[in-house]
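Structural overview
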Amino acid sequence: GIGFFFYGFTFGEAKLSVRHVHLYLDDLPKAFDGYRITQFSDFHVGTYRGWRYKILKRDIDSINAQGSDMIVFTGDLQNVRPQELTAFRRELSSLRAKDGVYSVLGNHDYSLYQKGENEMVKQYNERLTRELQQQFGWNLLIDSSAIVRRDNDSIVIIGTHNDGEAPFPQLIDIRKAMAGVDRRSFVVMLQHDPSAWDRTILPHTNARITLSGHTHAGQINILGLRPTMLTYKEDYGLFEKAGRYLYVSAGLGGVVPIRVGAVPEIVVFTLHRKSSQ
């Protein structure tokens, strides 16, 4: 048992997988054939102190090295408070992609875990979390959307408030998020909690691809068995329903930095236009 946990806190947490996922989509706009999106999630950067700093730096360098058209972050940047982020301002600001970096908030990016703080401090911290992401040069999407254009074609990136089940925040306003989005648009949805896919995204949006995190793939995966399989219908990996896709990332970190079998990952999606023939 001691050896198991020692491995998880050291070698297991220090691993990194770059996973490549190819999606073939019949309604992908022609100009986006071959478009690449790199997703990272659940960074929990407050954990990367001391010797763990080199892991964070390697992960940032690996994300940039993919040379994708877009980078997306699907929530949980901090552990508890935004002050954790300031020590890594340079590293987090160094992420670069042709069409930018887009992000959403995870349950740890609110004030849920700031015990003992009064409401004014909590509100200040929530504002600071958002302001810091914007200072990093990221496009933080909170029930809002952005259009990415290629030639005469476009896709829409939508990011929403966390939409979790208790005790996690359920703050999403899906009508606001979809406001002004043409139902014929090709939509990529960013939502931290994968349980929102069945509950909110599939019935109320036209999102073709949804990217999530939150579960950390259970942080322990033995012979394909993960603790999160008991609580999440879609807890890790790629899922498809009627030609619509959800990917749940294993993420990179954790408040408790232990990984056994559930290897930290970044995911590179390559979008392909499916031939009509």
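Scroll up to find the structure this text is about.
The following refers to the structure shown. Predicted model only: the values in this text are computed from it and were never measured.

**Remarks on helix 4 (residues 119-135)**
In this model helix 4 runs 24 Å from its N-terminal to its C-terminal C-alpha over 17 residues, within 8% of the 24 Å that 1.5 Å per residue would give. Those residues of helix 4 lying buried are Lys122, Asn125, Glu126, Leu128, Thr129, Leu132 and Gln133. When helix 4 is viewed along its axis, its buried side chains cluster within an angular range of 160° and face the same direction. Exposed and facing more than 90 degrees away from the buried side of helix 4 are Glu119 and Met120. At its buried positions, helix 4 is contacted by helix 3 (89-93), strand 4 (101-103) and strand 5 (138-140). A side-chain oxygen of the first residue of helix 4 lies 3.1 Å from the backbone nitrogen of Met120; this N-cap is Asn118. Trailing helix 4 by a residue or two, Gly137 shows a phi angle of about 90°, which is positive.

**Some thoughts on a nonpolar patch on the surface**
Taken together, Phe4, Phe5, Phe9, Ile222, Leu223, Val255 and Val256 make up a surface patch of nonpolar side chains, about 660 Å² in accessible area. Along the chain, the position of Phe5 falls in helix 1 (residues 2-14). According to the relative accessible area criterion, Phe5 is partly exposed, its value standing at 43%.

**Here we look at the pairing of strand 6 (residues 144-150)**
Examined bridge by bridge, strand 6 and strand 7 (residues 153-159) share seven bridges and lie antiparallel to one another. Bridge pairing in strand 7 places Ser145 opposite Ile158. Connecting strand 6 to the antiparallel partner strand 7 that follows it, the hairpin turn spans two residues, and Asp151 within it adopts a positive phi of roughly 55°.

**Re the packing of aromatic side chains**
Enumeration over the complete set of coordinates arrives at ten aromatic pairs. Taken together, a centroid distance of 5.7 Å and an interplanar angle of 85° make the contact between Phe40 and Phe43 edge-to-face. Its relative accessible area of 0% is what places Phe43 among the buried residues. Relative to Phe269, the ring of Tyr247 lies with its centre 5.3 Å away and its plane at 80°, an arrangement referred to as edge-to-face. One end of the pair, Tyr247, is in strand 11 (residues 244-248); the other, Phe269, is in strand 12 (residues 265-273), and 22 residues separate them in sequence. The exposure class assigned to Tyr247 is buried, which follows from its relative accessible area of 1%. Among the aromatic residues, ring-to-ring pairing joins Phe40, Phe43, Tyr48, Phe73, Phe136 and Trp138 into one connected group.

**Examining the sheet that holds strand 9 (residues 209-212)**
Taken in spatial order, the six strands of this open sheet run 6-7-8-9-11-10, and their pairing is mixed. Of all the strands in the sheet, just strand 6 and strand 10 (237-241) have a single pairing partner and so form its edges. Averaged over all neighbouring strand pairs, the angle between strand axes comes to 20°, with direction disregarded. Pairing of strand 8 (residues 187-190) with strand 9 involves three bridges; the strand directions are parallel.

**Focus: unusual backbone geometry**
Negative phi characterises most residues that are not glycine, and trans characterises most peptide bonds. Cis geometry marks the peptide bond from Ala166 to Pro167, where omega comes out at 15°. Backbone geometry places His44, a non-glycine residue, at a positive phi of 50°. Tracing the backbone shows His44 in the loop between strand 2 (35-40) and helix 2 (53-65). Exposure remark for His44: the relative accessible area of 0% places this residue in the buried category. The backbone phi angle of Asp143 is positive, close to 50°, even though this residue is not glycine.

**Side note on the side chain of Thr215**
Take Thr215: it is sitting in the loop between strand 9 and strand 10. The exposure class assigned to Thr215 is buried, which follows from its relative accessible area of 6%. Contacts of Thr215, omitting those with residues within four sequence positions, involve Pro194, Thr228, Tyr232, Asp235, Val248 and Ser249.

So, how was this worked out
- Residues numbered from 1 in each chain as written.
- Predicted model: local features only at pLDDT ≥ 70, side-chain atom pairs only at ≥ 80, totals over all residues.
- Heavy atoms only, no water.
- Helix = DSSP H or I, 4+ residues; strand = E, 2+ residues; numbered from the N terminus.
- Expected span 1.5 Å × (residues − 1).
- Buried < 20%, exposed > 50% of the residue type's maximum accessible area, 1.4 Å probe, protein only.
- Arc of directions from axis to C-beta.
- Contact = heavy atoms within 4.5 Å.
- Polar contact = N/O pair within 3.5 Å; in protein donor to acceptor, adjacent residues only side chain to side chain.
- Patch = residues over 30% accessible without salt bridge, like charges linked within 9 Å, V, L, I, M, F, W, Y side chains within 5 Å.
- Areas by Shrake-Rupley, 256 points an atom, 1.4 Å probe, with all protein chains shown as cover.
- Salt bridge = Lys/Arg side-chain N within 4 Å of Asp/Glu carboxyl O.
- Pairing = 2+ DSSP bridges.
- Phe/Tyr/Trp six-rings, centres within 6.5 Å; stacked < 30°, edge-to-face > 60°.
- Axes fitted to C-alpha atoms, helices over the stretch in contact; angles between N-to-C directions.

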